[in-house]
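Report on the structure
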Amino acid sequence: MKMKVMVAIDESEGSFYALKWALENLFENMASKCYASTAEEAHAGMVENEGGMVFLVHVQPRFAEYGYPIIGPNGFVYLMTIIIMRIILLTTIFAISVEDYVRKSQEEASAAILSRGLHMCKDKKVKAETIILRGDPREMICQAAEQVHVDLLVVGSRGLGTISRLFIGSVSDYCAHNAKVPILIVKPPIKKDTKETQTSAGTA
């Protein structure tokens, strides 16, 4: 039986680390037969893992969601609008609609993100398909996992702080509580300098 795994990816390194972890831990150790669809592919070494399939899902946010909370000098939280202001300025200069500009930017970003993910899967000889959705990433990822009937949903953890979680929410937390399929949350590795700081604090 082939294993179907869905990995949610975006521009964050945490999501690509989750994909890397899934490829190395869920597929490399999977005992399966390999095949080549043609003699040319076999000669070129393009042999894929027949034991499973990866679905790379990427969700494009709505235009209204282009903003994020930051902390002001007095500790107050306000919504960042600089990105939107820049978009309006550029669209005014080049005489194109804001909607068209955002859509084109999203398409280019999505293509780059999914291309990187597909190359990672190809390097591990794991079959992969891409899914692009629009809306709230938390809801859309859960819906996609259920509709595709995957065996496992893999999401990365960004390690958001309390304030960020309050305003933009955590995709991993939402999926953990609402996904109707098994879910695996992959935390990013602790950086070396962080480890050293923690060790020093522990020995002080």
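Residues numbered from 1 in each chain as written. Predicted model: local features only at pLDDT ≥ 70, side-chain atom pairs only at ≥ 80, totals over all residues. Heavy atoms only, no water.

1. Notes on the overall build of the protein chain
- Within the protein chain, the secondary structure is distributed over eight helices and eight strands.
- Put simply, 73% of the contacts in the protein chain that link residues at least 6 apart link residues at least 24 apart.
- When the accessible area of the protein chain is evaluated, it comes to approximately 12800 Å², of which 57% is carbon and sulfur surface. (Helix = DSSP H or I, 4+ residues; strand = E, 2+ residues; numbered from the N terminus. Contact = heavy atoms within 4.5 Å. Areas by Shrake-Rupley, 256 points an atom, 1.4 Å probe, with all protein chains shown as cover.)

2. Details of the nonpolar core
- Counting residues in each nonpolar core, the largest one holds 20 residues, and the members touching the most others are V7, L19, L23, V54, L56 and V154.
- Those elements that provide at least two residues to this core are β1 (3-8), α1 (13-27), β3 (48-60), α4 (98-123) and β7 (152-156).
- For this core, the leading source of residues is α1, giving seven residues.
- In this structure, A8, F55, V59 and M140 belong to the second largest nonpolar core, which totals 19 residues. (Core = buried A, V, L, I, M, F, W, Y, C linked by side-chain atoms within 4.5 Å. Buried < 20%, exposed > 50% of the residue type's maximum accessible area, 1.4 Å probe, protein only.)

3. Brief notes about the environment of A128
- As for its position among the elements, A128 is in strand β6 (residues 126-134).
- Along the sequence, A128 and K4 sit 124 residues apart, while their C-alpha atoms lie 9.7 Å from each other.

4. Here's the deal with the pattern of salt bridges
- The tally for this structure, following the rule as stated, stands at four salt bridges.
- In this structure, the salt-bridge partner of E24 is K20, at a minimum N-O distance of 3.1 Å. Taken together, the residues E24 and K20, both in helix α1 and four residues apart, mark about one turn of the helix. (Salt bridge = Lys/Arg side-chain N within 4 Å of Asp/Glu carboxyl O.)

5. Topic: the pairing of β7
- A large share of β7 lies buried, amounting to five of its five residues.
- A two-sided burial pattern is seen for β7, the buried positions comprising L152, V154 and G156 on one face and L153 and V155 on the other.
- Here β1 pairs with β7 via three bridges, running parallel. Directly across from V7, in β7, lies its bridge partner V154.
- Here β7 runs beside strand β8 (residues 183-186); their pairing, made up of four bridges, is parallel. Note that in β8 the partner of V154 across the bridge is L184. (Pairing = 2+ DSSP bridges.)

6. Considerations on the packing of helix α5 (residues 137-148) against helix α7 (residues 171-178)
- Look at α5 against α7: their axes get within 9 Å of each other, and the N-to-C directions meet at 40°. Considering the angle they form, α5 stands oblique to α7. The element α5 and its partner α7 pack so that their crossing is right-handed. Each of P137, R138, E139, I141 and C142 in α5 lies in contact with α7, whose residues at this interface are V171, Y174, C175 and N178.
- The class makeup of the residues in the contact of α5 with α7 is six nonpolar, one polar and two charged. (Axes fitted to C-alpha atoms, helices over the stretch in contact; angles between N-to-C directions. Parallel < 35°, antiparallel > 145°, perpendicular 65-115°, else oblique. Left-handed = near helix turned anticlockwise from the far one by under 90°. Nonpolar A, V, L, I, M, F, W, Y, C, P; charged D, E, K, R; others polar.)

7. Details of the state of the cysteines
- Tallied over the full model, the rule gives zero disulfides.
- The thiol sulfur of C142 is not disulfide-bonded, and the nearest other cysteine sulfur, from C175, lies at 3.8 Å. (Disulfide = S-S within 2.5 Å.)

8. Side note on α5
- Under the 1.5 Å per step criterion, the end-to-end length of α5 is 16 Å for twelve residues, consistent within 8% with the ideal 16 Å.
- All buried positions along α5 are accounted for by M140, I141, C142, A144, A145 and V148.
- Following α5 by one or two positions, H149 has its phi on the positive side, about 60°. (Expected span 1.5 Å × (residues − 1).)

9. Regarding the packing of aromatic side chains
- Under the defined criterion, the tally for this structure stands at zero aromatic pairs.
- Directly above the aromatic system of Y174 lies the positively charged group of R138, at a separation of 5.7 Å from the ring centroid. (Phe/Tyr/Trp six-rings, centres within 6.5 Å; stacked < 30°, edge-to-face > 60°. Lys NZ or Arg CZ within 6 Å of the ring centre and 35° of its normal.)

10. Re the confidence of the model for the protein chain
- Counting all residues, the mean pLDDT for the protein chain is 74, and 58% of those residues have values of 70 or more.
- Ignoring residues within four places in sequence, the model shows residues 65-80, a span with pLDDT below 50, making 31 contacts including any to other chains.
- Of the regions scoring below 50 in pLDDT, residues 197-201 engages in zero contacts with residues more than four places distant in sequence or in other chains. (pLDDT = per-residue confidence, 0-100.)

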